[in-house]
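# Breakdown of the fold
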Amino acid sequence: MGEILVEVATDVAFAHGVPAQLGISGDALNVAASAAAAGARVGLLSVLTDDDLGQAIAARIAELGISTSLLKFRTGQQGVYLVHSDPEGQREFSYARSGSVGSSLGPDDVDPAVFAAAGAVVAGGIACAISESSRAAVLKAAALAKRFVFDPNFRPRLTTVEDATAALLQLAPRSYLVTPSFPGETSALLGTSTPAEAAATLLALGAANVAVTCGAEGIQLEGEGLDSAWIDSVPAPAVVDQTGAGDAFVGTMAARLVLGDALPAAARYGAAAASLVVGGKGGTGFIPTFEQTRAHAAGAAKGELTSHA
């Protein structure tokens, strides 16, 4: 659940007349697409404009194998972001989303029967930050879900440290899995200095499982019936654009947990999917199939790299 955005991407610095490519992205869509590719049956709760643009976005959602039955359509302004990616895949964002139709998401949009029946519900800090009604929708979903997965996804341009911390402290006790990033989010929101300390803090708050993502280093896992575990990152065959890598990790891991994989295996698949996603342009430019993700994870374990080409 969350906001979907129109993406305008360019390989050169923002300026008049530069070539750009339109896409459909946003953390909620990126997570849902990766979860669907990982083998789960996925629905996406979001609000789109009730016009041709909204229908075009819905068509892309369906193309990615995601059910459109939970989508809402309302009159309003579609959220947009511009992203410039340099040759190393580093990104610079500019957003036009204040008061967007996506931020009108509210508790009344959360169907209790659907959210209680789902194998997992995934939401992030962005959905909590874009409006009070959207945050209330996330809280309602967390209370209903049998497995609630929360990605703090802290964005200083959208919210304050204080508000993001409050959301995390409120949602961690209701979460089956929390996926903060180290060091940025864990330091800012939890005041911790190591991945293990961050995981321990979230477990003490009531989270059942924690996966602290540490960029190119790996993932620190802590959780139910699990001794502290470290999962190495999976090297990327190619880096074109890092947009959506963290979302791919969350979506893939959540899907594989629902489908019965153990926490370490699910995290390994999430890391493999994330390292493949960066080879495509845009948040959903390349979403690997689970066969590709599984082969890439196995190849990396053997010291071999795979390519999606």
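See the structure printed just above.
These lines cover the structure that appears in this document, whether it is placed above or below. (Residues numbered from 1 in each chain as written. Predicted model: local features only at pLDDT ≥ 70, side-chain atom pairs only at ≥ 80, totals over all residues. Heavy atoms only, no water.)

## Focus: the nonpolar core
In this structure, M1, V138, F148, L171 and L202 are the most contacted members of the largest nonpolar core, which totals 36 residues. Going through the elements one at a time, strand 7 (121-124), helix 4 (125-129), helix 5 (132-144), strand 8 (148-151), helix 6 (161-171), helix 7 (184-190), helix 8 (195-205) and strand 10 (209-213) are the ones with two or more residues in this core. In contact with L171, other than residues within four places in its own chain, are C128, V138, L139, A142, F148 and F150. Listed in part, the 27 residues of the second largest apolar core include I219, A266, V278 and F290. (Core = buried A, V, L, I, M, F, W, Y, C linked by side-chain atoms within 4.5 Å. Buried < 20%, exposed > 50% of the residue type's maximum accessible area, 1.4 Å probe, protein only. Helix = DSSP H or I, 4+ residues; strand = E, 2+ residues; numbered from the N terminus. Contact = heavy atoms within 4.5 Å.)

## What to know about the pairing of strand 12 (residues 226-232)
Strand direction decides the pairing type here: strand 11 (residues 218-223) and strand 12, joined by 5 bridges, are antiparallel. Among the inter-strand pairings, L221 is bridged to a residue of strand 12, identified as A229. (Pairing = 2+ DSSP bridges.)

## Digging into helix 2 (residues 52-63)
With 12 residues, helix 2 should reach 16 Å at 1.5 Å per residue; the first-to-last C-alpha distance of 16 Å fits that figure. Within helix 2 the residues assigned to the buried category are G54, I57, A58 and I61. Viewed along the axis of helix 2, the buried residues span an arc of 100°, placing them on a single side of the element. Set apart from the buried face of helix 2 by more than 90 degrees, the exposed residues are D52 and E63. The opening residue of helix 2, the one whose side-chain oxygen lies 3.1 Å from the backbone nitrogen of L53, is D51. Of the residues one or two after helix 2, G65 is the one with positive phi, at around 85°. (Expected span 1.5 Å × (residues − 1). Arc of directions from axis to C-beta. Polar contact = N/O pair within 3.5 Å; in protein donor to acceptor, adjacent residues only side chain to side chain.)

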